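Topology and contacts: notes
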Amino acid sequence: MMACSLNYSLMVIIFLLYSSSSLLFISSEARKDSASAAAAIEIHYHTLEISSLLPASVCTPSTNFKGSNKRQSTLEVLHQHGPCSRGPNNPSAATSPPPLLSEILSHDQIRVDKINARIKQTSYTKNQIKGKKVNLPVQSGRSLGSGNYIVTLGLGTPQKTLSLIFDTGSDLTWTQCQPCVKSCYQQQDPIFNPSDSTSYSNVSCNSPQCSQLSAATGNSPGCTNAATCVYGIQYGDQSFSVGFFSKDKLTIAPNEVFQDFLFGCGQNNQGLFGNTAGLLGLGRDKLSIISQTAQKYGKYFSYCLPSTSSSTGHLTLGKTGNSRNVKFTPFVTNQQGSSFYFINIVSISVGGRQLAISGSVFKAGGTIIDSGTVISRIPPTAYSALSGAFKKMMAKYKRAPAYSILDTCYDLSGYTSVTVPTVSFTFGGNVRVDLDPSGIIVAVGGTRVCLAFAGNSDDGDVGIFGNSQQKTLEVVYDVAGGNLGFGSAGCK
Ligand SMILES: *[C@@H]1O[C@H](CO)[C@@H](O)[C@H](O)[C@H]1NC(C)=O
């Protein structure tokens, strides 16, 4: 069980210390406004059981998933490697063991490097499918290593069920396809077979859709002898998908059906996609599912990522009409050409106290929100302030060695619970977001926990508000309206 509370005794001591020096002020104002007087000086903590940081071995879906505010177009979001993705429909899910956290974190760094390369636009190299040359970037994956949350959609007629990684950092949706001309990795669902679908068709090389691939993937499309448009997308670390650019019926829910959805029918696929059938691109570009379903959903979607892999979240396409506790920060739109969602970080607070970081620090490289990056990246100047403040408030715990990209770690052997300072981010428009404890510390094995942030190597690199820090938040993308919303308690 996770207990989230202020540490009242400490708060009271600090309150008394301050109030003794401003007794008159406190006594006259406190009755009217004691909450805000205390808020200025209190230190906020979460106390949680260490075991709550680890996923349980059984799946406990978020109870509010089927709540009244959800639409037909609400899909359940599962963690790729947790017990919830191993249901009776997916008996083979357990066949390949989940990756180690250290592997996830090194893949995470590859993704971050690719995001930076893509934003800075670099060079390309060549790859091949079936003797046809397709340009693929090596330094700049247009799309980026695997995220770790999946949703299930239907494709084709009759409809076949596919579990796809959902990724706000890329645009093209693709799935592995028979006959897997070159290679398919092992996946949970049966591999999609276009010849079993009566609604499937190839996109031809001279169609306008084929030329949209350049923007969506960063690679010029290829063309087969039969004039079928060929896409190629490379994710770095030898992850890629190459295949035929296709159209088929996409089914989100029984009454949420899209004819002629454009996607990649992957004939040569390799990399960090786990047992999933491929990837669902939720970026800003024309070929993303968000743009392709804009008529119906108005480029509006929201999701909640669960706090552990033994719980579930949701992805909803379209407005739910339930944005009561959601506060909106504007997207930064001077990056229109990119598929990324840029926002502004204004400040970070630890234990209720704002860190002394000059606003220009966050402006240098800008910040994106990304569903696929696990650990948030912030400018090194901001990271050292964050880590410094965190260490001060965690002084009673024994330090432990760094773990992969995480350098602020503690040995909690002998403890069953831990008290950590709250961490909140303030985004443009004065939108303050309090992180769930599962986004503040991460258990890295045994009794070791680490601060769940990393510094970039350069203040000019892009900051990334990653998926650990988004956990349990309702994150609302009003792409058409130019705003990103954050609400609390979107899921557990
Ligand atoms: C799609 O194109 C590929 C390559 O040209 C071809 O092998 C396949 O038969 C085509 N499928 C359909 C349904 O036209």
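Residues numbered from 1 in each chain as written. Predicted model: local features only at pLDDT ≥ 70, side-chain atom pairs only at ≥ 80, totals over all residues. Heavy atoms only, no water.

**So, the sheet that holds strand β26 (residues 431-434)**
Strand order in the open sheet formed by four strands is β19-β18-β25-β26, with antiparallel pairing between adjacent strands. Edge strands, defined here as strands with exactly one partner in the open sheet, are β19 (353-354) and β26. One ladder, built from four bridges, connects strand β25 (residues 423-427) with β26; its direction is antiparallel. Bridging from a neighbouring strand, F427 pairs with V431 of β26. (Pairing = 2+ DSSP bridges. Helix = DSSP H or I, 4+ residues; strand = E, 2+ residues; numbered from the N terminus.)

**Regarding the site of the ligand**
As a structural note, the neighbourhood of the ligand is formed by Y200, N202, T224, A226, T228 and F244. T224 places a side-chain nitrogen or oxygen 3.2 Å from an oxygen atom of the ligand. The separation between an oxygen atom of the ligand and a polar side-chain atom of T228 is 2.9 Å. Within the complex, the protein chains bury 51% of what would otherwise be the 360 Å² of accessible surface of the ligand. For the shell around the ligand, the per-class residue count stands at three nonpolar, three polar and no charged. (Near = heavy atom within 4 Å. Polar contact = N/O pair within 3.5 Å; in protein donor to acceptor, adjacent residues only side chain to side chain. Areas by Shrake-Rupley, 256 points an atom, 1.4 Å probe, with all protein chains shown as cover. Nonpolar A, V, L, I, M, F, W, Y, C, P; charged D, E, K, R; others polar.)

**Examining the UniProt feature "active site" (unreviewed entry) in the chain**
Following the UniProt record, one finds the feature "active site" (unreviewed entry) at D167 and D370. For this annotated set, covering 204 residues, all C-alpha atoms fall within 7.5 Å of each other, a compact arrangement in space. The topology assignment puts D167 in strand β6 (residues 160-167). Here G169 takes part through its backbone nitrogen, which lies 2.8 Å from a polar atom of the side chain of D167. Summarising the element assignment, D370 is placed in the loop between β20 (367-369) and β21 (376-378). What D370 contacts, discounting residues up to four positions off in sequence, is R111, I115, D167, T168, G169, I464, F465, G466, N467 and Q470. (UniProt positions renumbered as here; feature names shortened; annotations may be inferred. Contact = heavy atoms within 4.5 Å.)

**Things to note about the packing of aromatic side chains**
Per the stated rule, a full pass over the model turns up 20 aromatic pairs. The interplanar angle of 65° and the centroid separation of 5.2 Å between the aromatic rings of F166 and Y303 together place this pair among those described as edge-to-face. With F166 in strand β6 and Y303 in strand β14 (residues 300-304), the pair connects residues that are 137 residues apart, well separated along the chain. Overall, the relative accessible area of 1% leaves F166 in the buried class. Joined through ring pairs, the aromatic side chains of F166, F301, Y303, F331, Y341 and Y477 make up one cluster. It is R399 that lies over the ring of Y410; its NZ or CZ is 5.6 Å from the centre. (Phe/Tyr/Trp six-rings, centres within 6.5 Å; stacked < 30°, edge-to-face > 60°. Buried < 20%, exposed > 50% of the residue type's maximum accessible area, 1.4 Å probe, protein only. Lys NZ or Arg CZ within 6 Å of the ring centre and 35° of its normal.)

**Side note on the nonpolar core**
Residues F301, I369, F425, Y477 and F486 are the most contacted members of the largest nonpolar core, which totals 80 residues. Counting residues per element, this core draws most heavily on helix α9 (residues 380-393), at six residues. If you count residues domain by domain, this core takes at least three from each of domain 1 (73-316) and domain 2 (322-487). (Core = buried A, V, L, I, M, F, W, Y, C linked by side-chain atoms within 4.5 Å. Domains from an automatic or database assignment.)

**A short note on the pattern of salt bridges**
Evaluation of the coordinates by the stated rule reveals seven salt bridges. For R111, the salt bridge is made with D370, and the minimal N-O distance between the two is 2.9 Å. A residue pair is termed long-range when its members are at least 10 positions apart, and R111 in helix α3 (residues 101-120) and D370 in the loop between β20 and β21 qualify at 259 residues. The class for D370 is buried, based on a relative accessible area of 0%. In this structure, a network of salt bridges that share partners links the residues R111, D167 and D370. (Salt bridge = Lys/Arg side-chain N within 4 Å of Asp/Glu carboxyl O.)

**Considerations on the sheet that holds strand β23 (residues 409-411)**
Taken together, four strands build an open sheet; the order of strands is β22-β23-β28-β27 and the sheet is antiparallel. Pairing within the sheet leaves two strands with one partner each, and these edge strands are β22 (398-400) and β27 (441-445). Adjacent strand axes in the sheet meet at a mean angle of 40°, parallel and antiparallel pairs treated alike. Examined bridge by bridge, β22 and β23 share three bridges and lie antiparallel to one another. Directly across from K398, in β23, lies its bridge partner D411. On the sheet, α9 packs against β22, β23, β27 and β28 (448-451) and is oriented at approximately 135° with respect to β28. (Axes fitted to C-alpha atoms, helices over the stretch in contact; angles between N-to-C directions.)

**Observations concerning the side chain of R118**
Positionally, R118 belongs in helix α3. Within the structure, R118 has its side chain in polar contact with the backbone oxygen of G169 (distance 3.2 Å).

**Digging into the state of the cysteines**
Applying the stated criterion across every chain, the model contains six disulfides. A sulfur-sulfur separation of 2.0 Å characterises the disulfide bridge that pairs C304 with C491. Of note, the bridge from C304 to C491 carries an S-S torsion of about -80° and is left-handed in sense. Of the two residues, C304 sits in strand β14 while C491 sits in the segment after β32 (483-487), which places them 187 residues apart along the sequence. (Disulfide = S-S within 2.5 Å.)

**Here we look at α3**
The end-to-end C-alpha distance of α3, which contains 20 residues, comes to 28 Å, matching closely the 28 Å that a straight helix rising 1.5 Å per residue would cover. Within α3 the residues assigned to the buried category are I104, L105, D108, R111, V112, K114, I115, N116, A117 and R118. (Expected span 1.5 Å × (residues − 1).)

**Here we look at the environment of V449**
Relative to the helices and strands, V449 resides in strand β28. In sequence terms V449 and L412 are 37 residues apart; their C-alpha atoms lie 7.3 Å from each other. V449 has contacts with L53, T408, C409, Y410, L412, I441, V442, A443 and V444, leaving out every residue within four places of it along the chain.

**Things to note about the pairing of β32**
Most of β32 is tucked away: four of the five residues are buried. In terms of strand pairing, strand β16 (residues 327-330) meets β32 through four bridges, oriented antiparallel. Residue pairing for β32: F328 is matched across the bridge by G485. Looking at chain direction, strand β31 (residues 474-478) and β32 are connected through five bridges and run antiparallel. What sits directly across from E474, in β32, is G487. Once β31 ends, the chain turns through four residues before running back antiparallel as β32, passing G482 with a positive phi of about 75°.

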